[in-house]
Each structure stands twice: as C-alpha cells, then as structure tokens.
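So the chains spell out like this:
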Amino acid sequence: MIKRFCRIGLVILGVALLAQSALAAEVKIGVRAEPSIDPHFLYLATNVAYSKHMFGRLVSRDQNSRKIPDLAVSWKALDDVTWEFKLRKGVKFHDGSEFTAEDVVFSINRIPKVPNNPASYHSNTRSIVSMEIVDPYTVILKTDKPNPVLPVQVHNAAIISKKAAEGASTADFNSGKAAIGTGPFKFVEFVPGDHLTLERFDDYWGEKPVWDRVTFKIISNDAARVAALLGGDVDMIDFVPPTEVAHLVKNKNINVFKRPSDRVIFFVCDNIRDQSPFVTGKDGKPLDKNPLKDVRVRRALTLAINRDVICSRVMEGLAAPASQSIPEGWFSYNPEIKVPKYDPEGAKKLLAEAGYPNGFGLTVHGPNDRYVNDGKICQAVAQMLARIGLDVKVETMPKTVYFPKMAPPNNNFSFFMLGWGNSTTGEATHGFMAIFHSYSKGKGAGSYNGGYSNPEFDRIAEEAVKIVDDQKREKALQAAMAFLMNDQGMIPLHTQFTIAATKKGLVYTPSADESTLAYNLKPVK
Amino acid sequence: MTVFLIRRLMQSVAVLLVMSMLVFVGVFAIGNPVELLIAPEATPAEREETIHNLGLDRPLWAQYIAFLKGAVRGELGNSFIHNIPALKLILMRAPATLELASAAILIAVVFGIPFGLWAGLRPNSIFGRSIMAGSILGFSLPTFWIGLMMVLVFAVSFGWLPTSGRGETVRILGLSVSFLTLDGLKHIILPAVNLSLFPLALVIRLTRAGVRETLPLDFIKFARAKGLKTRRVILVHVLKNIMIPIVTVVGIQFGIVLAFAVVTESVFAWPGMGKLIIDSINHLDRPVVVAYLLVTVLIFILINLVVDVLYSVLDPRVRLGELKE
C-alpha cells in the first residue's frame, strides 16, 4: 500500500517537475567575473560580454572575432578620416522607444564623461573628433587621423537610450532604472557579488534567444564553480580551470566546449638597456654588454623552447603553439611565419657565435594569477633555457604587483611573460602599437612595452596601421610581423584555449574573445 | 558607567585613527591599482589622466589627509570596481555576513555548551572522549578543505543541499534575511556549519575546562549537601560561574567570524563582506579595502564593549569603571 503510494507520489512529482520546466525556459550560468551594469563603466573584456546581453552596439563580432552588423547595417569609409554608418530601422529599446542616431551620439558622448572611472572606454572612441547626424538612420563619424580599425573599436561602445539614461549615474544603471538597451535581454535584478538576472526581450530585432530567463551566479572561486555545475546548481560555467577538464570530459552528465581564444602567450626580451637588471654573467656579476641586445641570442632563446611539450604537458593539450602575436587564421596573420622548431643544439651554436659559449645568468619573470598556468609555464621555460647552458632563476608574482613593474616607464624586468588578447582590433595592429612599438607618450604608443625597441619596426608599424584599405593593410601588417619575428621582438609560445562546460542536454558555442554569452547557449535539439 | 563609556569612546577613536594609518600605508605599498584596471588601449596620457583623477599621483600624506577629511563626513571613497561609495557597498553586503556569522555562532553556542558540559561532567565516557577528539579536529582541519569536502559529499554526491550561494531572501525591518525561507535554510546550513567548527571546538574545550575546574569547589559541594537538584546545581551554579571566559571567547569569535569569514564565503560563494574583501584585494580596489578594515575595527570595538558590559551582568563582583582604592 505504502509502496504504491510512493510510486504514485513519485510519478506526480515527476510530472510536476516536467510541467515546471515546460513553463519557463530558465538557465543559470556560473560565472567567474563580476559584471558592471553601466556599459560605459570599467572597461574589461568581461564587462563588455555582459553588456552585449542588454545593450547593442554599431558593429558587433561573431565567435571568431570578425565584424558583424548590429545596430549599423552597413558602414564605409568615405575618405581616410570619414566614416558613414547606416543604422538599422525599426529597432526598439526595452522601454518601447525607437532607436535613432540621437542615441548613438549620446552614447559616444557619454563614454569619456563617466566619473571615477579607473578604466574608461574612451580608448575605443578616442579617435572620433566629431559626429554628424545626417538623418535619423545615418551617422557620420570623423576621426583625427586615419583609423582603419574604427569599425572594430565601436564594438566596445555600447549604445544606451538617450531618453532613459540622460544624466544617469552608474548607480542608476545598477538599479536598472537607466539600464535600457536594444539587446536580446532585459535587466531584471542585480545583487553585487551574488547574481545578475535577465529576461528575454520579445521585441528584439534579431534572433530571439531560447531562454525566458537567465541568471548569472557569480562564483569566482574555481573549485566552487565546478562544484556548482557538478551539483546541478548551475547549468553552465565559464573559465573552466584546465586541471578539471580531464575529469569533466569523462563525466557523462557534462559537456565540455573549447576553442582557441584570442590570447597569445609570449616572452619579451629587454633589448633597450646596455645593462639589464636581471641579466648577469655566470658568476652572478653584471655584464658590461647586454646579451639580449644581440638578435642571435634572442633567436637562441626561442629555439630552446619546446612548444609541443608545453602545450601537451603544462597546458594539458589545451593550447596551440603560436608563431606570432596573433592566432592562426586571423586577419593579418602571416602564414609564411612558422612555429619555431625545437632545436637546442642550434640554440647552443647561436649562443657560442654571439660570444656566450657558456651562457649567462637570466631571471625569468611572470605573473602567477593572470593567465592559465602562467607560473608553471615560466618554470617550464626556465628549465628549457637551463638546458642550453643558461643559469636561470624564476620569479613569479601576483598580477597586481607584476604589471605595474613590467609596464613603462618602470620596465623592471629583462625577460618576461605577457599574454595579449587580440579581439580589440581583430588584427595585429593593437599588439604592435601597444607592446612592440617603443614607449612614446607623445604618440600614445607602447603603453605595454616592457623592453623591446627597434626604431625601424616603429616606422614600419606606424605606416601599416594607418592604411584604411583592408587588403593593402593586411599585406603591410604581415610584412611588419615578418620584420618583428625576424628581429625576435617576441618569443611566441602558444594560444591558450577558452573552455566552458555545460550540463548534459545543452550546447554552447564559445567565442575567441573568451566572452560568456547566454545567447550562444542552446538546448540540444 | 557613563564615565566608563566616555573613556571607551575616546580610546576607540584613538584605535580607529591608528588603524586607518596602518591600513592606508599598507594598501599604498601594494601597488598602483590603475595598472590593473586601465584598458590595454589606453595611451600613456590617458593613464596619467586617470591616475590624476583618482588622486593617486599625490604623495601618501596628501592622500591620507584627503581620506581623513572624507572619513569625518562619513565618506570613505568610491569603489573603483563598482563606482558606488565603499561604505554603502560594505553595508549592502553586511546583512548576508551577519546572518551567516550569527548562524555559525548560534550553532557553536547551542551545541558547544551542552557538549562541553557533557564532556566535563562525564569525561571518561565514550561520548565525552569523542567530543574532545572531535573538537581537536574542529580547530585543526582547514576550513577551506572541510568546506569543499562538505560540498562534494552533501551537494554533489548526495545532492541533498545546494552547492553555493544564498537562498531566497525576505525583507524584515529593511534587512534581507534568508533563514525564514526553506530555500534559504538549505543554502545556509553548509556554510554555517563550516564556519562554526572553529568556534564550536573552542567553546567545547572552554566549557569542559571550566566545568572540571568548578565541580570540585566547595560551594558546589555545599549546594549539593543542601539538597539542591543536580540540574539546578549544574545549570545555575556551575554554568554561571564558568561563563566569563566563554563569553569573552564567543565575543571575539563572533568578531572574527563576522570580519574574516573569507574562506567560507569564497568556497560557498556566499555574497557577504568576506568575499567582498578578498575580491577587492585581488582587484586592488583600495577604497573598499580601507573602508572594510575600518569597519572591522569598529566591529571589534563594539563587541568588546558589549562583552565588558556583559561581565558586569554575569558577575556582580565586577564593577565597570575606576576602581576605588
């Protein structure tokens, strides 16, 4: 009697649960990063990803970081410094009002004016000197000098509603009052540190998302996030730690999705100073000449590194060896440049040729909490360099200490690690101008240049990034990359993967720029 | 009593001032938060402009004076990450931590005192001995590990309880509390138990020690000889006399648990102040770190005050204030 009762009870429960799921397609995503609802506050790649759910932009990007139309249906350069954007008609904001060029101008004007902004979005719109509204669906943007990557940069300039956000502060966005956009989701609730809830916007102009409701649960601790997925508390997690991938793949209830991201990990040598702080002789005393200034020495260092071993052992198969500063297949990737072969004998010969048959002393520097397995990679690279005769020390530190020391004008390191996410311009331009171009406040270049400088490269890069015609620019950028790699301005390691995991029955399409996008999550048909 | 309170107030202000200086210097020494936050595309000129806007290019003492001026008005700066006043951010997250800390201390006291009493009254029984052994585990096993194990066992393997987060909340008197909903209770059990283990172990050991010390004393023998019921002897005479050290420790533990529930809050993604502080440290969100540490000092000062006042309630021999020679 009781058994039968239990059985019936279970059936009723099962039906009730099924009915529940049929009513509302809800999904919970466990995320690592905290969002900012104000899309113009705190420029971080993760904040841009969140803002794409609620706010549109002129030009968006697909999962390969290539441009796709969003609020602008087409754009073209009328001349070197003038761009015309034709806007999409019939787009509605979440409050029902129509989207027009007024909103575009208002948004771009607001970006530099957000108060107390430690990371302004202005760097994306800095080149725009004037805007002209030709008609409600056409906008002309003029730049100060030729800026071929303007259509890529506007990806980060979210368009907000002039009506709803006029005079609004960041707090108004966090409460939802001003968080009116044209994106596929509407703001519902945000509890800082806990969760962000969105619901589907039924009047969205594009492909409507599958989900009625999306809740981002903020779980920054990696182990806790994985546990949440395993325990069924969330349906998907982002930034899966690589150490967990092996056993998640074996788990029949979990699907793992990975792809190469936009981030290339590499090392840079200090070739500016005659006496570099962390380069010494074998006896520990400073040398009168900096060996890293000799291109043969730098080439020896790159030949000494076994990239396949790093990718398969240190990165556990979750990385692809890199040959240059942008991932394979991207716009302006130079297919002529190959991944350097592992050749320790060749490296030793080059060192002897350059006058260092017994090597020298070097300290490898890197962060330990910024890139995937950054600390381990530094140690592996140091061991490989030791095999060609160098006396190597490794020093890693938290990113909060590392980056201020590495950046100009401090330039505290001699041989250091960097990882560069290339989605900002979708091509090699930004990497060239920010990392490998010499530090120059006047030109606004080299903000991340920790130690490489070659005036010839500066000239070539400056010329290349100005070219507005896409095909000509690609060729010029490829030539610049060839020059850079010949001069060993960087020692490339690999492209790291972006990894997400979902529960069984869901499929997720990861993006190269490592964004977590709920509308790329779909149930398996 | 009034003189006592006024004196305490002055001492507290002095402590706060010294603390603010130490914290400021410490945070200043960690590094420039702008490097971490600023966009990679920012030009060197923009970087300098941002540093200037945030007041980070002024010398240490100038920044400190500016901070003090604001602090007197109650403004402790704006969070770099959230762009809302640091104090407001902390107070927004405080109820969650308060709830968790209260639950943890409640568990520690409600289970700790009876267990400690039992271990003290019957030290050689099996239960008594296992309580003592258990208490050793309670304060030696790392909270992080226990928390993760609990999540793995109860939430992942058995699926009885949720893995992380806070449950549904209900607003009472302007505060959101989650223990009034079933969902909230399910979410709070694991983190509260995890957080309570250390205070629980301490309370058990203290209670046991107090009981062992008090039982052989003359007045207990006298009470029993008088014919009082055993229950009254233990609960009134023994318990009241051992309460002072327990109250002190519980008070301090409450402060510690309130201010530093960081590990538990991280493992269980509990949206409280502890998680806020660790995230802020990682992001170099200086204003929040400074504001939080000052709030923590304030909490400890208040708790110590309450504990001292409780002494005079528990032990009529204690008089607050100046001792007349």
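Every chain begins its residue count from 1, and numbering advances along the sequence as written. The lettering of chains begins at A and the numbering of ligands begins at 1, in the order of writing. Selection of residues for local features in this predicted model requires a pLDDT of at least 70, selection of side-chain atom pairs for listing and counting requires 80 or more, and totals for whole chains, interfaces and linings are taken over all residues.

### Describing the overall build of chain B
Helix numbering and strand numbering both begin at the N terminus, where a helix is a DSSP run of H or I of at least 4 residues and a strand a DSSP run of E of at least 2. Secondary structure summary: chain B contains 13 helices and two strands in total. In chain B, which comprises 325 residues, the proportion classed as buried is 40%. Put simply, of all contacts in chain B between residues at least 6 apart along the chain, 70% involve residues at least 24 apart. Between the buried cut of 20 or more and the exposed cut of 12 or fewer other C-beta atoms within 10 Å of a residue's own C-beta lies the partly exposed class, and all C-beta atoms are placed from the backbone. Our contact criterion uses C-beta atoms placed from the backbone: two residues qualify when those atoms are within 7 Å.

### Comments concerning the domain arrangement of chain A
Residue and element names in this part refer to chain A. The domain limits used here are those given by an automatic or database domain assignment. For chain A, the assigned domains read domain 1 (34-169) and domain 2 (261-497). Spacing between the C-alpha centres of domain 1 and domain 2 amounts to 33 Å. On the side of domain 2, ten residues touch domain 1, which itself brings ten residues to the contact. For the side of domain 1 that touches domain 2, a count of residues per class yields six nonpolar, one polar and three charged. Ten residue types, Ala, Val, Leu, Ile, Met, Phe, Trp, Tyr, Cys and Pro, are classed as nonpolar, four, Asp, Glu, Lys and Arg, as charged, and the remainder, Gly among them, as polar.

### Here's the deal with the sheet that holds strand S5 (residues 82-87) of chain A
Residues and elements named next belong to chain A. For two strands to count as paired, DSSP must find a minimum of two bridges between them. Taken together, the four strands give an open sheet; going across it, the order is S4-S5-S7-S6, and neighbouring strands pair in antiparallel fashion. Two strands bound the open sheet, and with one partner strand each, they are strand S4 (72-79) and strand S6 (128-135). Averaged over all neighbouring strand pairs, the angle between strand axes comes to 20°, with direction disregarded. As defined by bridge partners, S6 adjoins strand S7 (residues 138-143) across six bridges and the pair is classed as antiparallel. Along S7, the bridge assignment pairs Ile128 with Thr143. Most of the contacts of helix H3 (residues 101-110) go to S6, to which it runs at about 165°, and overall it touches S5, S6 and S7. Axis definition: a line fit to C-alpha positions, over the contact stretch in the case of helices; interaxial angles, taken between N-to-C directions, run 0 to 180 degrees.

### Observations concerning helix H11 (residues 307-314) of chain A
All names here are of chain A. Of all the positions in H11, only Arg307, Ile310, Cys311 and Val314 are classed as buried. Along the axis of H11, the buried residues cluster in a sector spanning 115°; they form a single face. The inward-facing, buried residues of H11 abut strand S14 (319-321), helix H13 (374-387) and strand S18 (491-503). Two residues or fewer after H11 comes Glu316, characterised by a positive phi angle close to 50°. To obtain the arc, one takes the directions from the helix axis to the C-beta atoms.

### Let's talk about the interface of chain A and chain B
Facing 42 residues of chain A, the contacting portion of chain B comprises 49 residues. Put simply, the parts of the chain that give the side of chain A that touches chain B at least two residues each are helix H4 (122-125), helix H7 (170-175), helix H8 (222-230), helix H14 (399-406) and helix H15 (429-436) of chain A. Of the residues in the side of chain A that touches chain B, the class split is 20 nonpolar, 16 polar and six charged.

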